[in-house]
Amino acid sequence: MRNKKKIKEKKKGGLKKKKKIKKKKKKKKKKYYICNLVLLNTLSYKISMHNLYTNFVKILDICKLFSKDLVNEQGNIPRPGVVPRFSDLEIVSLSIVSEAMGIDSECLLFAKLKEYVKEMPNLISRRQYNDRRKLTSNLCDTIRKRMALEIDGTEDYFCIDSKPIEVCRLSRSKRCKMGKDEYRTAPAYGYCASQGAYYYGYKLHAVCGLSGVIHSFDLTKANVHDIRYLQDVKYEYHDCCIFGDRGYISATAQLDLFETANIRLEVPYRHNQKNWKPTFIPFAKARKRIETDFSQMCDQFMICRNYAKETVGLFTRIIGKISAFTAMQYLNHINNRPIGRVKYALA
C-alpha cells in the first residue's frame, strides 16, 4: 500500500512539474516575440541612416549636380590614358560618405564595402582608391565651394579662426618623417594659446559665415601667425565684415584690409590696450560659430586624428572631412532642417 501511494505521489509531482515547464515555455515564447518586434524597429531605423550604399547614392547625386562642367559624361576629369570604370565622381562621393559616417580608416572602409560587391561591381582596390583620392582632391574642393555658395552665397558677415592639427606627440617629433623631403610643406613646432600647450604639426585657418558654412580654409605650418592668413583673405573677399579673436589684433592689417578690399575686421581689445572699448556682445556671440564648427569636426569627423604618412595624404584627408561637413549642411538645407544638426543629416 505504501509503495502504491509513493508511486501515485511521484506521478502527481511529475505532472505538476510538466505543467510548470509548459507554462514557462509559453512565457518565454511571448517574451521572445516582443523582443523581435523591438529589434525589427531599430533595424528599420538603422537601414536608412547607416547603410553605406544608400548614403553613397545620395552624395553621388549631389556631386553630379555641382560638377556638370568639371567632368565628362562618364564622371571623370578629362585626361589622356585609360578610362577608369569607377569614375572620379564616385571616388569623391565615396570619400565624403566615409568621412560623414565616421569611417576614418580606409582599411575599415574596404572591410565594410565587401557587403556591397553586387551593388558596386566596378569597385577598385584600396591602393587605387588612396592614389586616386589624392588626384581628385581639387575636384572635391571645388564641389565643396559650390555647395557653400548654394547654401549662403549672399553672406556679408564672416568669422575667422585657426585650429592646431597635431601630426604626432612632441616626444616623437624628431623621428617623424612627414614632410622631411621638402621644407616648404614640412610640419613645425607651434603654440596653441587656447589650450596653453605646444604641439608639432600644422595650423588650420578657416573662414565661415554666421550660419556655420565654411567658405574657405588653408593649412600652414604651426609657427605661422594668424595674421598672415589675412593676406590671402583680402583677395577672396570684399565689402564684408569679419569677426576675429585677439590673435588677429593688428592696426596695419585692419587698415590694409579696409583700403584694399573694403573689409572691416572686428577684433576685441585687450584689457591693457590703449583706447580700450568694451566688446559688442552680438559680435562676440557671432564669432563663437566657427568654434562650434571646429568642435563638430573634431567630434564627428575626427579632424584631429592623423593616419597619414605624407603631407599630401594629410591635406587630402582634411579636404575630405571639410567637404563631408559641408555636404551634411547642404542635406539639411535641402530638407529644411537646422544646418548645424550635422549628426542626423543622413537620416
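Please refer to the structure placed before this passage.
The residue numbering used here restarts from 1 in each chain and proceeds along that chain's sequence as written. Side-chain atom pairs in this predicted model are given and counted only at pLDDT of 80 or more, local residue features only at pLDDT of at least 70, and totals for whole chains, interfaces and linings cover all residues. Side-chain measures were taken over the full set of non-hydrogen atoms in the model, leaving aside hydrogen atoms and water.

**Considerations on the nonpolar core**
Considering soluble globular proteins, one finds that nonpolar side chains tend to be buried as a cluster.
Phase 1 of the analysis: Residues enter a nonpolar core if they are buried and are Ala, Val, Leu, Ile, Met, Phe, Trp, Tyr or Cys, with the set joined through side-chain atoms within 4.5 Å. Burial here depends on accessible area, computed with a 1.4 Å probe over protein chains only, as a share of the maximum for the residue type. Under 20% is buried, over 50% is exposed, and the range in between is partly exposed. Of all hydrophobic cores here, the largest spans 68 residues; its most connected members are Ile59, Leu204, Ile318 and Met328.
Phase 2 of the analysis: Secondary structure elements are taken from DSSP: a helix is a run of H or I of four residues or more, a strand is a run of E of two residues or more, and numbering for both begins at the N terminus. Sort the elements by how many residues they give to this core and helix α10 (residues 311-334) lands first, with 10 residues.
Phase 3 of the analysis: Setting aside its immediate chain neighbours within four residues, isoleucine 59 contacts Ser93, Ile96, Val97, Ala327, Met328 and Leu331. Only heavy atoms enter the contact rule, under which two residues are in contact if any of them lie within 4.5 Å.

**Description of the packing of helix α3 (residues 88-100) against helix α5 (residues 126-135)**
Phase 1 of the analysis: Interaxial angle, 0 to 180 degrees, is taken between N-to-C directions of lines fitted to C-alpha atoms, where a helix line uses only the stretch in contact. Remark: α3 packs on α5, axes separated minimally by 10 Å, with the N-to-C direction vectors making an angle of 100°. Between α3 and α5, the angle is such that the two are roughly perpendicular. Contacts between α3 and α5 pair Asp88, Ile91, Leu94, Ser95, Ser98 and Glu99 from the former with Tyr129, Arg132 and Arg133 from the latter.
Phase 2 of the analysis: Think of it as three bins: nonpolar holds Ala, Val, Leu, Ile, Met, Phe, Trp, Tyr, Cys and Pro, charged holds Asp, Glu, Lys and Arg, and polar takes everything else, Gly as well. Grouping the constituent residues of the contact of α3 with α5 by class yields 3 nonpolar, 2 polar and 4 charged. An angle counts as roughly parallel when it lies under 35 degrees, as roughly antiparallel when it exceeds 145, as roughly perpendicular when it falls between 65 and 115, and as oblique in every other case.

**Re the packing of aromatic side chains**
Phase 1 of the analysis: In summary, the pairing rule links any two rings of Phe, Tyr or Trp, Trp by its six-membered ring, whose centres are within 6.5 Å, and it sorts them by plane angle into stacked for under 30 degrees, edge-to-face for over 60 and tilted for everything else. Evaluated as defined, the whole model comprises 9 aromatic pairs.
Phase 2 of the analysis: Consider the rings of tyrosine 191 and tyrosine 198, whose centres lie 4.8 Å apart with planes at 50°: the pair is tilted.
Phase 3 of the analysis: Judged by relative accessible area, which is 44%, tyrosine 191 ranks as partly exposed.
Phase 4 of the analysis: Given a relative accessible area of 61%, tyrosine 198 falls into the exposed group.

**Notes on the side chain of arginine 132**
Phase 1 of the analysis: Mapped onto the fold, arginine 132 is located in helix α5.
Phase 2 of the analysis: Judged by its relative accessible area of 12%, arginine 132 falls in the buried class.
Phase 3 of the analysis: Two N or O atoms count as a polar contact when they lie within 3.5 Å, although within protein this holds only if one can serve as hydrogen donor and the other as acceptor, and sequence-adjacent residues are included solely when both atoms are side-chain atoms. Within the structure, the side chain of arginine 132 is placed 2.7 Å from the side chain of aspartate 88, a separation counted as a polar contact.
Phase 4 of the analysis: For arginine 132, the contacting residues outside a window of four places in its chain are Asn76, Arg79, Pro84, Phe86, Ser87, Asp88, Ile91 and Ile124.

**Thoughts on the pattern of salt bridges**
Phase 1 of the analysis: One side-chain nitrogen of Lys or Arg within 4 Å of one carboxyl oxygen of Asp or Glu is enough to make a salt bridge. Counted under the stated rule, the structure contains 20 salt bridges.
Phase 2 of the analysis: Its salt-bridge partner being aspartate 141, residue arginine 144 comes within 3.0 Å of it at the nearest N-O pair. A residue pair is termed a helical-turn pair when its members lie 3 or 4 positions apart in one helix, as arginine 144 and aspartate 141 do in helix α6 (residues 137-152) at 3 residues.
Phase 3 of the analysis: For aspartate 141, a relative accessible area of 17% corresponds to the buried category.

**Let's talk about helix α9 (residues 281-299)**
Helical geometry note: an α-helix holds 3.6 residues per turn, so side chains three or four residues apart project in the same direction.
Phase 1 of the analysis: The first and last C-alpha atoms of α9 sit 27 Å apart over 19 residues, in line with the 27 Å expected at 1.5 Å per residue.
Phase 2 of the analysis: Residues of α9 that are buried: Ala286, Arg287, Arg289, Ile290, Asp293, Phe294 and Met297.
Phase 3 of the analysis: Residues of α9 that are buried sit in contact with β1 (157-168), β3 (197-209), β4 (214-221), β5 (240-243) and α10. Under the convention used throughout, the expected extent of a helix is 1.5 Å for every residue step, that is, one less than its residue count.

**Side note on the pairing of strand β2 (residues 188-192)**
A regular strand places its side chains so that they alternate between the two faces of the sheet.
Phase 1 of the analysis: Here β2 shows one buried face, formed by Ala188, Gly190 and Cys192, and one open face, formed by Tyr189 and Tyr191.
Phase 2 of the analysis: We call two strands paired when DSSP finds no fewer than two bridges between them. Pairing geometry for β2 and β3, over 5 bridges, is antiparallel. Note that in β3 the partner of tyrosine 189 across the bridge is tyrosine 200.
Phase 3 of the analysis: The turn joining β2 and β3, which pair antiparallel and follow one another in sequence, is formed by 4 residues; a positive phi near 65° is taken by glycine 196.

**Some thoughts on α3**
Phase 1 of the analysis: A rise of 1.5 Å per residue sets the reference length of α3, with its 13 residues, at 18 Å; its end C-alpha atoms lie 18 Å apart and thus fit the reference within 8%.
Phase 2 of the analysis: What α3 keeps buried is the set Asp88, Leu89, Ile91, Val92, Ser93, Leu94, Ser95, Ile96, Val97, Ser98, Glu99 and Ala100.

**Considerations on the pairing of β3**
Phase 1 of the analysis: Within β3, 11 of the 13 residues are buried, leaving the element largely enclosed by the surrounding structure.
Phase 2 of the analysis: Taken together, the 10 bridges between β1 and β3 define a ladder with antiparallel strand orientation. When the bridges of β3 are listed, isoleucine 160 appears paired with valine 207.
Phase 3 of the analysis: Where β3 lies against β4, 7 bridges are found, and the strand directions are antiparallel. When the bridges of β4 are listed, leucine 204 appears paired with leucine 219.
Phase 4 of the analysis: Connecting β3 to the next strand, β4, in antiparallel fashion are 4 residues, including glycine 212 with a positive phi near 105°.

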